[in-house]
Amino acid sequence: MKKRKILISSFDLAIGGVERSLIGLLKQIDYQKYDVDLMLFKHEGDFLPYLPSGPKLLPEIPAYTTFRKSIYQITKEGNYPIAISRTIAKYIGLLHGKIKKVDEPGYLAIQYGWEVSSRFLPKLNKEYDVAIGFLWPHHFIGEKVKARKKIGWIHTDYSNIFINEKLDSQMWNKLDKIVAVSDECLNTFVNVFPLLKEKTTVIENILSPQFIKEQANIGNSTEITKREGKTVLLTVGRLSHAKGLDKAIRACRILVNAGYDIEWYVVGYGPLEADLRELIKQLNLSDRFFLLGKKTNPYPYIKNCDIYVQPSRYEGKAVTIREAQILGKPIVITNFPTANSQATNGVDALITSQDISGLVDGIQSLINEDTLRNRLISNVLSKDYGNENEIEKLYNLIG
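Computed from a predicted structure; not experimentally measured.

Caption draft 1: Seen up close, the overall build of the chain. Helices and strands together make up the secondary structure of the chain, namely 16 helices and 13 strands. Rg of the C-alpha trace for the chain: 22 Å, near the compact-globule value of 21 Å for 399 residues, within the 12% margin. Each of the three principal axes of the chain carries a C-alpha extent, and together these read 65 × 50 × 40 Å. Residue burial in the chain is summarised as follows: out of 399 residues, 56% are buried. A separation threshold of at least 6 residues defines the contact pool for the chain, and within that pool the share at least 24 residues apart is 70%. Split by element, the accessible area of the chain, about 17600 Å² in all, is 49% carbon and sulfur. The centroid of the 53 positive side-chain charges in the chain is displaced by 5 Å from the centroid of its 45 negative side-chain charges.

Structure below.
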C-alpha cells in the first residue's frame with residue numbers, strides 16, 4: 001500500500017509543553033503507513049535528542065530561522081526585508097496592545113510578524129497529502145505548503161489571549177481541520193470563532209506513562225534536598241504572565257510567615273525571569289523560593305517533590321499536571337478556565353480560586369490534612385493516564 005505523505009511543522013524543540021507533546025505525537029505515528037517529513041524552522045532545542053527515528057527532519061530554510069532570532073541578529077545577517085518587517089510588526093503589536101490595554105501583547109506581535117513578513121518567506125516545493133501545523137500561527141502550512149488537506153493545532157485558551165480576530169480568522173479559514181488539545185480549549189476557541197465549529201475537533205496531548213516513569217528514575221534533582229518536617233513544592237512551566245508565578249512567590253511569603261517549613265522550586269525559563277528574581281529578593285525569599293532554569297528532564301524533580309502546584313492564570317492543556325498525576329503527586333491547581341479538563345476537584349487534585357489566598361489555602365490543606373493528601377495520591381496512582389490511542393483520531397482526520 002502506498003504511504004501517505006505527511007508534513008508536520010513547528011518552530012523548534014526548545015523545552016516546553018507543546019514541544020513535549022510534539023515528541024509524544026511523533027513517537028506514536030505508524031511509520032509503516034505514513035511517510036512523515038518534519039519541518040522545524042530552527043534545528044535547536046534540548047528536546048532534539050528525543051526525536052524518534054521515524055520522521056525525516058527537513059533542512060533549515062534561512063528565512064524561517066528568523067522567527068527564533070532577534071531583529072538585531074536578523075539585520076546583522078543581512079536579511080533586511082524581514083528585519084524591517086519584524087520591526088514594523090513589533091511596533092504595530094505594541095501600539096495595538098497599548099490601545100486595548102492588553103496585559104500580554106506578545107500574541108499580537110507574533111501575529112503581525114507573520115502577516116507583514118509573509119511575502120518574503122519561500123514556499124515549499126514538495127506536495128503532501130496532509131500538512132499539519134503543530135504550533136500557532138499557521139501561516140506556513142496555510143500559505144507556503146501544497147497539501148490536499150491542512151490541519152492546525154490549538155494549544156491555548158482563547159478566552160485569555162488577545163489577538164487580531166479578523167487576521168486570525170483569515171488564517172484559520174485556509175485550513176481544512178482544526179485540532180484543540182481539550183474540550184475546554186475547543187469551547188473557548190469556538191466562542192470566538194463560532195463559524196469554525198464544524199471543522200474543529202479534540203485530540204489530547206499524547207503521553208506515555210511508561211516513558212515518564214522511566215525518565216523520572218534515570219535523572220537527578222540535586223538542587224532539592226529532603227529533611228524531616230520540610231515540604232517541597234514544585235512548579236514546572238515557562239516564566240511568563242500566563243503561569244502565575246508572581247502569585248506563587250507571594251503565596252510562599254504568606255506560608256513562610258505562617259510558620260510552614262517549605263521550599264518552592266520552579267523548573268523553567270522565560271521572559272519574566274528578572275522580574276521574578278527581583279520579587280523573590282523584595283520578599284526576602286532567596287532561601288525559600290528557587291528558580292532552577294531549564295531542565296531537559298523535569299521528571300526527577302516532579303518525582304522528588306511533596307506537592308505539585310500549577311498557579312496558572314490560563315492554560316490550554318497543561319502537560320505538566322498530567323505528568324505529576326502519572327508520578328503519583330498530590331496537586332494544587334488554580335481554577336483557570338480549562339482546569340476541569342485537567343482534574344476533578346478533591347479527587348485527583350485540589351482546584352483553588354485564582355487569587356493568592358486560594359493558593360495558600362490549597363497548599364495548607366495538603367500539608368495539614370494527611371487523609372486528604374493520601375487520598376489524592378491513592379487516586380492518581382490507581383488511574384491510568386495513558387492516552388496513546390489518541391493517535392487513532394489523527395489517523396481518522398488524515399483519512
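Still more to cover.
Caption draft 2: Region of interest: the packing of aromatic side chains. Inspection of the entire model under this criterion finds 20 aromatic pairs. Pairing F41 with W114 gives two aromatic rings, centres 5.8 Å apart and planes at 50 degrees, and the pair type is tilted. In this pair, F41 sits in the loop between β2 (34–40) and β3 (56–57) while W114 sits in helix α5 (residues 106–117), placing the two residues 73 residues apart along the sequence. Owing to a relative accessible area of 1%, W114 belongs among the buried residues under this scheme. Each ring, one from Y64 and one from W114, has its centre 6.4 Å from the other, and the planes form 40 degrees; the classification is tilted. Here the residue Y64 occupies a position in helix α2 (residues 62–65), and W114 occupies one in helix α5, the gap between them amounting to 50 residues. With respect to burial, Y64 and W114 carry one shared label: buried.

Caption draft 3: The packing of helix α1 (residues 17–28) against helix α13 (residues 319–326), seen in detail. At their nearest, the axes of α1 and α13 sit 9 Å apart, and the two run at 65 degrees to each other. On α13, the residues touching G17, R20 and S21 of α1 are V319, T320 and E323. Looking at side-chain class alone, the contact of α1 with α13 contains one nonpolar, three polar and two charged residues.

Caption draft 4: Molecular detail of unusual backbone geometry. A cis amide bond links W136 with the next residue in sequence, P137, at an omega value of -5 degrees. Of note, P137 is situated in the loop between β4 (127–133) and α6 (139–143). A positive phi angle, close to 55 degrees, is found at N284, a residue other than glycine. Here N284 is to be found in the loop between α11 (273–282) and β10 (289–293). Here N284 falls in the exposed class, since its relative accessible area comes to 58%.

Caption draft 5: Summary view of a nonpolar patch on the surface. Taken together, Y80, I84, I88 and I92 make up a surface patch of nonpolar side chains, about 380 Å² in accessible area. With respect to the secondary-structure elements, I84 resides in helix α4 (residues 80–99).

Caption draft 6: Just the side chain of R253, in detail. Secondary-structure assignment places R253 in helix α10 (residues 245–257). Despite being buried, R253 has no salt bridge partner; D287 is the closest side chain of opposite charge, sitting 6.5 Å away.

Caption draft 7: How the structure looks around the sheet that holds strand β13 (residues 350–352). Read from one edge of the open sheet, six strands run β10-β9-β8-β11-β12-β13, paired in parallel fashion. Every interior strand has two partners, whereas the edge strands, β10 and β13, have only one. Taking each pair of neighbouring strands and ignoring which way they run, the sheet shows an average axis angle of 25 degrees. Note that strand β11 (residues 307–310) and strand β12 (residues 331–334) share three bridges and pair parallel. Residue pairing for β12: V309 is matched across the bridge by V332. Sheet contacts for α10: β8 (231–236), β9 (262–267), β10 and β12; angle to β9, the most-contacted strand, approximately 170 degrees.

Rules used throughout
- Residues numbered from 1 in each chain as written.
- Predicted model: local features only at pLDDT ≥ 70, side-chain atom pairs only at ≥ 80, totals over all residues.
- Heavy atoms only, no water.
- Helix = DSSP H or I, 4+ residues; strand = E, 2+ residues; numbered from the N terminus.
- Rg over C-alpha atoms; globule rule 2.2 N^0.38 Å.
- Buried < 20%, exposed > 50% of the residue type's maximum accessible area, 1.4 Å probe, protein only.
- Contact = heavy atoms within 4.5 Å.
- Areas by Shrake-Rupley, 256 points an atom, 1.4 Å probe, with all protein chains shown as cover.
- Lys, Arg positive; Asp, Glu negative; His and termini not counted.
- Charge placed at Lys NZ, Arg CZ, Asp CG, Glu CD.
- Phe/Tyr/Trp six-rings, centres within 6.5 Å; stacked < 30°, edge-to-face > 60°.
- Axes fitted to C-alpha atoms, helices over the stretch in contact; angles between N-to-C directions.
- Nonpolar A, V, L, I, M, F, W, Y, C, P; charged D, E, K, R; others polar.
- Patch = residues over 30% accessible without salt bridge, like charges linked within 9 Å, V, L, I, M, F, W, Y side chains within 5 Å.
- Salt bridge = Lys/Arg side-chain N within 4 Å of Asp/Glu carboxyl O.
- Pairing = 2+ DSSP bridges.

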